[in-house]
Amino acid sequence: MASPSAEEQYGTEVTENYETTCWGCGLRVLLPSCASLFKCGWCGAITDRNKQKYDQKCFRWRILRDRCFVSVVIIFIFFVIFGGVWAVYPVVFSVSLLCGIFHSIITAILSIATISSFSLAAFRCAGTPPNILWGSYPTVGKGDLDNYTFCYYCSKPKSPRAHHCRSCRKCILDMDHHCPFIGNCVGAANHRSFIAFLISAVLSTIYVSIMSAYAGLHMWPPLTYSLGRVNGVTTGALAWRVMNEFIVAFLGSSMFVSSRGLILVYLLIASVSLQIGLSVLLWQQLSYIYQGKTYLSHLSSQADNSEEEKKDCQNLVRFFGKTEFLQKRSLDPHILVDYSITLLVDKWCPKC
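Parameters and conventions
Residues numbered from 1 in each chain as written. Predicted model: local features only at pLDDT ≥ 70, side-chain atom pairs only at ≥ 80, totals over all residues. Heavy atoms only, no water. Axes fitted to C-alpha atoms, helices over the stretch in contact; angles between N-to-C directions. Helix = DSSP H or I, 4+ residues; strand = E, 2+ residues; numbered from the N terminus. Parallel < 35°, antiparallel > 145°, perpendicular 65-115°, else oblique. Contact = heavy atoms within 4.5 Å. Nonpolar A, V, L, I, M, F, W, Y, C, P; charged D, E, K, R; others polar. Salt bridge = Lys/Arg side-chain N within 4 Å of Asp/Glu carboxyl O. Buried < 20%, exposed > 50% of the residue type's maximum accessible area, 1.4 Å probe, protein only. Expected span 1.5 Å × (residues − 1). Phe/Tyr/Trp six-rings, centres within 6.5 Å; stacked < 30°, edge-to-face > 60°. Lys NZ or Arg CZ within 6 Å of the ring centre and 35° of its normal. 1 Å grid on protein atoms, 1.4 Å probe; cavity = no way out; pocket = protein on both sides within 12 Å on 5 of 7 lines; lining within 4 Å. Points joined across faces, edges and corners; volume = space filled by probe spheres on them. Left-handed = near helix turned anticlockwise from the far one by under 90°. pLDDT = per-residue confidence, 0-100. Pairing = 2+ DSSP bridges. Bend = angle between axes of the 7 residues up to and from the residue. Core = buried A, V, L, I, M, F, W, Y, C linked by side-chain atoms within 4.5 Å. Patch = residues over 30% accessible without salt bridge, like charges linked within 9 Å, V, L, I, M, F, W, Y side chains within 5 Å. Areas by Shrake-Rupley, 256 points an atom, 1.4 Å probe, with all protein chains shown as cover.

Asker: Can you walk me through the packing of helix α6 (residues 259-290) against helix α8 (residues 313-321) in this structure?
Answerer: Between two packed helices, the angle of one axis relative to the other and the distance separating the axes together describe the packing. Contact geometry for α6 and α8: axes closest at 7 Å, N-to-C directions at 105°. It follows from the interaxial angle that α6 and α8 lie roughly perpendicular. On the side of α6, the interface is formed by Leu286, Ile289 and Tyr290, while α8 contributes Cys313, Asn315, Leu316, Phe319 and Phe320. Looking at the contact of α6 with α8, its residues break down into 7 nonpolar, 1 polar and no charged.

Printed below as a string of structure tokens:
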């Protein structure tokens with residue numbers, strides 16, 4: 001029998017399989033050497049050999065940052081409440097007693113709503129995934145860990161709906177994002193509290209800006225200015241002269257403003273600025289809820305070029321109306337990944 005030629009000998013492609021163990025059920029799996037991502041045919045757990053555990057040296061700085069932000073937010077909330085009452089209510093009660101009582105009730109409602117929703121969003125657990133049995137074949141049934149991955153930080157299974165937050169150092173169920181202003185993640189357990197805080201904060205800033213402007217007009221010293229001769233002056237030049245005289249008179253009268261007036265000016269500028277930022281954030285959050293997504297899943301769907309999910313007002317109704325929605329949300333390509341095959345081979349790996 002003739003021996004194979006050198007061309008045939010070196011032209012043959014060599015394929016080698018290797019044996020590994022599934023982290024979910026402990027069963028042995030035979031894989032080709034180029035497979036970096038695979039799914040167990042028994043328990044359904046997904047193993048990604050390219051996943052790495054990143055260093056968490058900045059954890060203490062993140063904790064310090066979050067605590068500083070939360071402290072500043074709490075101080076600012078109480079400053080707006082008590083400073084606004086001190087500066088505005090002498091003017092309100094001077095109108096009539098009924099008017100003062102009415103605005104006192106509105107202030108109490110908005111203050112309680114804002115503080116309570118902020119406390120629930122900041123100091124309540126954002127939502128941890130349920131514990132599940134894993135690691136050995138007798139205890140793990142078929143499909144018990146379907147689409148689960150292994151969290152190298154928590155050293156336990158991570159459900160498809162969970163994401164690990166390196167600032168909180170734990171996995172968060174249905175995580176939207178980590179907000180430093182509440183010092184907590186926004187997840188399944190506190191997402192509605194976060195939305196309630198945004199709504200109450202927007203309403204409160206609108207109310208503060210209106211009342212600050214109203215009280216400031218009553219307390220501000222009278223403006224004195226002179227336009228001089230206006231005959232023969234063009235419209236553009238006249239408008240410029242009026243604006244210039246008004247600014248000069250306003251700055252001149254500000255030298256005689258009381259401390260209450262200065263606080264009213266600060267509250268007006270701060271409340272209008274916060275209105276813009278909080279309204280944009282609230283609109284963004286509601287749009288994601290309308291699409292049945294979270295912020296992280298939105299980023300994931302953009303990176304994967306996934307198809308648009310069904311946009312429906314029922315998503316908003318389920319979000320605000322039923323607690324079970326946060327536990328059964330399934331309109332997210334990041335949450336539900338369709339692995340139609342048991343073995344996923346990395347297409348960028350070199351040929352075996």
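Asker: Looking at this structure, how should I read the pattern of salt bridges?
Answerer: Side chains that differ in charge, positive against negative, can pair when their charged atoms come close. This structure, assessed with the given rule, holds 3 salt bridges. Note that lysine 39 and aspartate 146 form a salt bridge whose closest N and O atoms lie 2.9 Å from each other. Remark: aspartate 146 occurs in the loop between α3 (97-123) and β5 (149-151) and lysine 39 occurs in strand β3 (residues 37-39); sequence separation between them is 107 residues. For aspartate 146, a relative accessible area of 37% puts it in the partly exposed group.

Asker: I'm lost on α6 in this one. Help?
Answerer: Working note: α-helix, 3.6 residues per turn, so residues spaced by three or four point in the same direction. Over its 32 residues, α6 extends 45 Å from the first C-alpha to the last, a length consistent with the 46 Å expected when each residue adds 1.5 Å. All of the buried residues in α6 are Gly261, Leu264, Leu267, Ala270, Ser271, Gln275, Leu278, Leu282, Gln285, Tyr288 and Ile289.

Asker: Looking at this model, I keep getting lost on the packing of aromatic side chains. Mind explaining?
Answerer: Any two aromatic rings considered together are summarised by their centre-to-centre distance and by the angle between their planes. Summed over all chains, the structure comprises 13 aromatic pairs. When the centroid spacing of 6.1 Å and the interplanar angle of 45° are considered together, the rings of tyrosine 288 and tyrosine 295 count as tilted. Here tyrosine 288 falls in the buried class, since its relative accessible area comes to 9%. An aromatic cluster is built from Trp23, Trp134, Phe150 and Tyr152, whose rings are joined through pairwise contacts. The ring of tryptophan 86 carries arginine 260 above its face, with NZ or CZ at 4.3 Å from the centroid.

Asker: Before we go on, may I ask you to explain the layout of surface pockets in this structure?
Answerer: Unfilled space is identified by rolling a water-sized probe across the atoms. The computed volume of the second largest pocket comes to approximately 740 Å³. Around the second largest pocket, the lining comprises 34 residues; the ones closest to its centre are Phe76, Ile77, Val80, Thr205 and Leu274. Mapped by element, the contributors of at least two residues to the lining of the second largest pocket are α2 (59-95), α3, α4 (191-219) and α6. When residues in the lining of the second largest pocket are grouped by element, the largest group, 11 residues, is from α2.

Asker: Looking at this structure, how should I read the packing of α2 against α4?
Answerer: For the pair α2 and α4, the least separation of the axes is 10 Å and the interaxial angle reads 45°. Here α2 lies oblique to α4, going by the angle between them. Taken as a pair, α2 and α4 cross one another with a handedness that is left-handed. On α4, the residues that touch Ile77, Val80, Ala87, Val88, Tyr89, Val91, Val92 and Val95 of α2 are Phe197, Tyr207, Val208, Met211, Tyr214, Ala215, His218 and Met219. Each residue belonging to the contact of α2 with α4 can be placed in one class, and the counts come to 15 nonpolar, 1 polar and no charged.

Asker: What should I look at first to understand the confidence of the model for the protein in this one?
Answerer: Reading fine detail from the predicted coordinates is not recommended where pLDDT is low. Residue-level pLDDT values for the protein average 78, and 73% of them are 70 or greater. Low pLDDT (under 50) marks residues 1-15, which in the prediction has 3 contacts with non-local residues, meaning those over four places away or in another chain. In this model, residues 323-352 is a region of pLDDT below 50 whose contacts with residues beyond four sequence positions or in other chains number 63 contacts.

Asker: I would appreciate a short explanation of the pairing of strand β8 (residues 170-173) in the present structure.
Answerer: It is a general feature of regular strands that their side chains alternate between the two faces of the sheet. Two strands pair when backbone bridges link them, and strand β7 (residues 162-165) and β8 are joined in this way by 4 bridges, in the antiparallel orientation. From the neighbouring strand, histidine 163 faces β8, where its bridge partner is isoleucine 172. Hairpin connection between β7 and β8: a loop of 4 residues separates the two successive antiparallel strands, and arginine 169 in this loop has a positive phi of roughly 60°.

Asker: Can you help me understand α2 in this one?
Answerer: Taking 1.5 Å of rise per residue, the 37 residues of α2 would be expected to cover 54 Å, and the 53 Å separating its terminal C-alpha atoms lies within 8% of that figure. Along α2, the largest kink reaches about 45° and is centred on valine 88; proline proline 90 follows within four residues of it.

Asker: In this structure, what is going on with the nonpolar core? I would like to understand it.
Answerer: Core analysis: the largest hydrophobic core is formed by 20 residues, its most contacted members being Phe118, Ile182, Phe194, Phe197 and Leu198. The element best represented in this core is α4, accounting for 6 residues. Residues contacting phenylalanine 118, with those up to four places away along its chain left out, are Val70, Val73, Ile74, Phe181, Ile182 and Phe197. Residues Cys25, Ala45, Leu145 and Tyr148 belong to the second largest nonpolar core, which totals 12 residues.

Asker: So what exactly am I meant to see when it comes to the environment of tyrosine 290 here?
Answerer: Looking at the element boundaries, tyrosine 290 is found in helix α6. Residue class for tyrosine 290 comes out partly exposed when judged on its relative accessible area of 29%.

Asker: Would you take a moment to explain a nonpolar patch on the surface for this structure?
Answerer: A cluster of nonpolar residues, Val265, Leu268, Ile269, Val272, Ile276 and Val280, forms a patch on the protein surface that exposes about 490 Å² of accessible area. Positionally, valine 280 belongs in helix α6. Judged by relative accessible area, valine 280 falls into the exposed class, the value being 55%.

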